[in-house]
Amino acid sequence: MHTGPAGNKDKIVHLSGMLLSNNSILIVGGGTWGCSIALELARNGYSNVTVLDGEDVPSSIAAGNDLNKIMEEGSQSEDDTDASYAWNRLHTLCTETWLEDPIYKPFYHRTGYVMAASSDPAFASLLEDIRGHEDEYQQIAATEEFRHTMPKDVLTGDFNGWRGFAKQTGAGWVYARGAITATKQEAEKLGVCFITGKRGKAVELLFSEDTQAETLDTAKPDTLKKKLNAVKTADGTIHEAQTTILANGANADLLLDFQSQLRPTAWTLAHIQMTPSEAQLYKDLPVLFNIEKGFFMEPSAETQELKICDEHPGYINPVYSADNEGIVESRKVGAGKRNGKILGSRPFARHQIPIESETRVRQFLKETMPHLAERHFSFARICWDADTPDRMPLIDWYPHSRPGKRNFLLAVGGSGHGFKIMPAIGRVVLEFLEGRVDERTRRAFRWRPETAIDRNWWHVQDRWGADGKVMDFGDVKEWTSIGESGREDEVEE
C-alpha cells in the first residue's frame with residue numbers, strides 16, 4: 001500500500017481488486033468534502049483525479065463558501081459504541097490536521113469560545129456536552145461575566161437569563177472559504193482536474209444491471225446488482241471513471257435514491273458591514289454561541305463584515321407525493337396541497353433570509369450587542385447541509401453493486417458537522433478506497449436505510465431555538481430584500 005508523495009506510480013492495494021495510482025477517479029462535488037478528498041488522493045499518489053461541480057469552486061451557494069465556521073478540538077466520548085469510536089477518530093484526525101497541516105493550519109483561529117443557553121433544558125444539554133471535561137471550562141452567568149469575555153465595548157447587552165461556559169483554548173473558528181480555496185489550489189498543483197459550470201454540473205448517474213453478479217436472482221428484484229457506468233453533466237458530456245465518489249452534499253439526494261437517509265436542511269445567516277475601527281476592536285474574539293439564540297465570530301479580515309447566525313433546528317423544503325399532482329415542492333404550492341406523503345426535502349439557493357430569521361438575528365443582537373441591533377444587513381443567505389437520521393456521516397460503497405466489483409463510493413451526510421471534519425473526511429475516504437478502513441468505522445458510517453424507515457422529517461435532532469421546531473419554507477410569508485440579489489438555484493456542494 002503506497003501512501004507516499006504525489007507522482008509516485010507504485011501500486012495501491014484495493015480489496016475490490018487492484019487500484020493503481022493512475023486509475024481514473026471521478027469526484028462529484030467540489031465543496032467542503034470534495035476538495036478534501038481530492039487533495040488527499042493527490043497527496044497519496046493518485047494522478048488521474050477529476051472533480052465535477054456546477055459552479056466555480058467554492059460554489060457561491062455552497063454551505064462551506066462562508067466567512068467562518070465554528071471549530072472545537074473535540075473532547076473524546078467515553079461511550080463504547082461504534083458511533084462514538086468513529087466520531088472520536090474524526091475529531092482526532094481533524095484536530096491534528098487543523099493544527100499541523102500547512103494547507104489547513106493558516107485558516108484555523110484558536111480564539112476560544114463562549115457557549116451559553118437561556119432555558120433550563122438547553123442548559124442541561126450544555127452540561128451533558130461537557131460532562132467529564134468540566135475543568136476545561138469557566139462557568140459564567142452574570143451580565144458582567146459575559147461582557148468580560150471580550151474587550152470593552154464589544155458585548156454591551158444585558159444577557160438576561162443567559163448561563164454558560166467560557167473555554168479559552170481548544171476551540172475557535174475557521175476561515176471556511178479560504179480553506180476550501182487553498183485545498184482546491186493545492187490539489188490542482190498536484191494534478192487534480194476541476195471541471196466547473198455547466199460542464200461540471202452532474203445531472204444524472206448512469207447505471208446498468210450487472211448480469212454477471214453471482215447472486216443474481218431475476219425473480220427477486222431486490223437482489224439485482226447495478227454498476228455505475230458514468231456521470232452525465234448538464235452539457236451532455238458523459239464522464240466515465242474506474243471509481244466514482246459522490247460528495248455533493250445536500251444535492252446528492254437529487255441524483256440517487258438514498259431511501260430517506262438524507263434530509264437536506266437549511267440554516268440562515270446575515271452580515272453587518274463594520275467600520276475599520278470596529279473591525280480592529282472585534283479582532284481575535286472568541287466565538288459566542290447561545291444554542292437557542294445564535295452565534296457570531298470576529299469580522300472577516302478581507303471584507304470587515306461581521307457574520308451573525310440565528311440558531312434553530314433548520315428549515316426544510318418538503319417534497320410531497322400529491323394526488324393528481326405528481327411530486328410537488330412545499331414552497332411552490334399552497335398549504336392545502338401539502339397533505340401527501342413527504343418524500344424528502346429539495347434544496348434551493350436564495351441570497352436572502354426569511355423576515356422571521358432577520359427578527360431572530362436582531363433579537364440575538366439586542367441581547368448581546370444592542371449597539372448593532374438596528375444596523376443594515378450587507379448580505380444574507382440560506383445554506384444547506386444533509387442530515388442523516390443519527391447525524392453521522394454516510395460513507396460507504398453503493399450497496400447495490402456487486403461485492404468485489406464496487407466502483408461507486410458515497411461520502412455524504414455532513415449533518416451540520418461537515419466543515420469541522422473536512423480534513424478528516426479525505427483521509428477516511430482514502431481508507432475506504434484502499435480497503436483498509438477499520439470495521440468499527442465502517443459500521444458507524446455504513447449505508448443504513450433501516451434507520452430512516454418512516455422517518456420523521458420534522459425531527460429537531462438535538463437542536464434548539466426558534467420554538468424548538470424544524471420549519472417549512474412553504475410557510476415563509478416574507479423574505480428580506482438586501483441589494484438586488486435573491487436568485488434561486490439548486491445548491492451544489
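Check the entry above for the structure.
Glancing now at the overall build of the protein chain. Helix and strand counts for the protein chain come out as nine helices and 27 strands. The buried share among the 493 residues of the protein chain stands at 57%. Considering only contacts within the protein chain whose residues lie at least 6 apart along the sequence, 78% involve residues at least 24 apart. Carbon and sulfur atoms provide 47% of the accessible area of the protein chain, an area that totals close to 20500 Å².

Adjacent strands of a sheet form backbone hydrogen bonds with each other and so pair up, either parallel or antiparallel. Ordered by their spatial adjacency, three strands build an open sheet running β12-β13-β14, and the pairing between neighbours is antiparallel. Unpaired on one side and paired on the other, β12 (202-209) and β14 (238-239) mark the two borders of the sheet. The pairing of strand β13 (residues 226-233) with β14 spans two bridges and is classified as antiparallel. Within β14, the residue paired with Val-231 across the bridge is His-239.

A word on the state of the cysteines. Under the defined criterion, the tally for this structure stands at zero disulfides. Distance from the sulfur of Cys-309, which forms no disulfide, to the nearest cysteine sulfur (Cys-383) is 6.7 Å. When its relative accessible area of 7% is taken as the criterion, Cys-309 is described as buried.

Moving on, we come to helix α2 (residues 82-100). Its 19 residues give α2 an end-to-end C-alpha distance of 27 Å, which sits within 8% of 27 Å, the value for a rise of 1.5 Å per residue. Three or more residues of α2 are buried, namely Ser-84, Ala-86, Trp-87, Asn-88, Leu-90, His-91, Leu-93, Cys-94, Thr-95, Thr-97 and Trp-98.

Moving on: helix α1 (residues 32-43). Taking 1.5 Å as the rise per residue, α1 with 12 residues should run 16 Å; its terminal C-alpha atoms sit 17 Å apart, in good agreement. A large share of α1 lies buried, amounting to 11 of its 12 residues. Regarding α1, the residues found buried are Thr-32, Trp-33, Gly-34, Cys-35, Ser-36, Ile-37, Ala-38, Leu-39, Glu-40, Leu-41 and Ala-42. Taken from the residues just after α1, Gly-45 is the one with a positive phi, measuring 95°.

Relative to the assigned elements, Asp-101 resides in the loop between α2 and β6 (108-109). A polar atom in the side chain of Asp-101 sits 2.8 Å from the backbone nitrogen of Ile-103. In this structure Asp-101 touches Arg-43, Glu-96 and Pro-106, once residues within four positions along its chain are discounted.

Another aspect to go through is the pattern of salt bridges. Tallied over the full model, the rule gives 23 salt bridges. Across the salt bridge formed by Arg-440 and Asp-82, the nearest N and O atoms sit 2.9 Å from each other. Pair noted here: Arg-440 is in helix α9 (residues 439-444) and Asp-82 is in helix α2, with a separation of 358 residues, a long-range link. A relative accessible area of 22% places Asp-82 in the partly exposed class.

Right, let's get into the pairing of strand β19 (residues 305-310). In terms of residue burial, β19 counts as a mostly covered element, since six of its six residues are buried. Taking every second residue as pointing to the same face, both faces of β19 are buried, with Glu-305, Lys-307 and Cys-309 on one and Leu-306, Ile-308 and Asp-310 on the other. The pairing of strand β18 (residues 294-296) with β19 spans three bridges and is antiparallel. Note on β19: the bridge partner recorded for Phe-295 is Cys-309.

What follows deals with the sheet that holds strand β11 (residues 193-195). As summarised here, the arrangement of the six strands in space is β11-β4-β3-β15-β26-β25, forming an open sheet in which the pairing is mixed. Each edge of the open sheet carries a strand with a single partner, namely β11 and β25 (394-397). Taken pair by pair, the neighbouring strands of this sheet meet at an average axis angle of 15°, ignoring direction.

Further remarks concern the packing of aromatic side chains. Per the stated rule, a full pass over the model turns up 20 aromatic pairs. Measuring from ring centre to ring centre gives 5.3 Å for Trp-98 and Tyr-104, while their planes differ by 85°; the resulting arrangement is edge-to-face. Each member of the pair Trp-98 and Tyr-104 is classed as buried. Ring geometry for Phe-146 versus Trp-162: centroids 5.7 Å apart, planes at 85°, classification edge-to-face. Of this pair, Phe-146 sits in helix α4 (residues 143-147) while Trp-162 sits in the loop between α4 and β9 (163-167); the two residues are 16 residues apart in sequence, bridging distant segments of the chain. Each member of the pair, Phe-146 together with Trp-162, is buried. An aromatic cluster is defined as three or more aromatic residues linked by ring pairs; in this entry it consists of Phe-207, Phe-258, Tyr-398, Phe-408 and Trp-447.

To continue, consider the nonpolar core. In this structure, Ile-27, Ile-37, Leu-41, Trp-98, Ile-245 and Val-429 are the most contacted members of the largest nonpolar core, which totals 73 residues. With eight residues, helix α8 (residues 422-433) is the largest single contributor of residues to this core. Excluding its chain neighbours within four sequence positions, the residues that come into contact with Trp-98 are Met-71, Tyr-104, Lys-105, Tyr-108, Val-174, Ala-179, Phe-419, Lys-420, Met-422 and Pro-423. If you look at the next biggest cluster of nonpolar residues, it comprises 29 residues, including Ala-116, Ala-270, Ile-353 and Phe-364.

To continue, consider the environment of Leu-99. Note that Leu-99 resides in helix α2. Note: C-alpha distance between Leu-99 and Glu-73 (26 residues apart in sequence) is 9.5 Å. The residues touching Leu-99, leaving out its near neighbours within four places in the chain, are Glu-73, Lys-105, Tyr-108 and Arg-110.

For the rest of this paragraph, the subject is unusual backbone geometry. Positive phi values are uncommon outside glycine, yet Phe-159 reaches one of about 55°. The topology assignment puts Phe-159 in the loop between α4 and β9. When its relative accessible area of 2% is taken as the criterion, Phe-159 is described as buried. Positive phi, close to 55°, is recorded for Ser-415, a residue that is not glycine. When you line up the elements, Ser-415 lands in the loop between β26 (408-412) and α8.

Quick notes on the rules
Residues numbered from 1 in each chain as written. Predicted model: local features only at pLDDT ≥ 70, side-chain atom pairs only at ≥ 80, totals over all residues. Heavy atoms only, no water. Helix = DSSP H or I, 4+ residues; strand = E, 2+ residues; numbered from the N terminus. Buried < 20%, exposed > 50% of the residue type's maximum accessible area, 1.4 Å probe, protein only. Contact = heavy atoms within 4.5 Å. Areas by Shrake-Rupley, 256 points an atom, 1.4 Å probe, with all protein chains shown as cover. Pairing = 2+ DSSP bridges. Disulfide = S-S within 2.5 Å. Expected span 1.5 Å × (residues − 1). Polar contact = N/O pair within 3.5 Å; in protein donor to acceptor, adjacent residues only side chain to side chain. Salt bridge = Lys/Arg side-chain N within 4 Å of Asp/Glu carboxyl O. Axes fitted to C-alpha atoms, helices over the stretch in contact; angles between N-to-C directions. Phe/Tyr/Trp six-rings, centres within 6.5 Å; stacked < 30°, edge-to-face > 60°. Core = buried A, V, L, I, M, F, W, Y, C linked by side-chain atoms within 4.5 Å.

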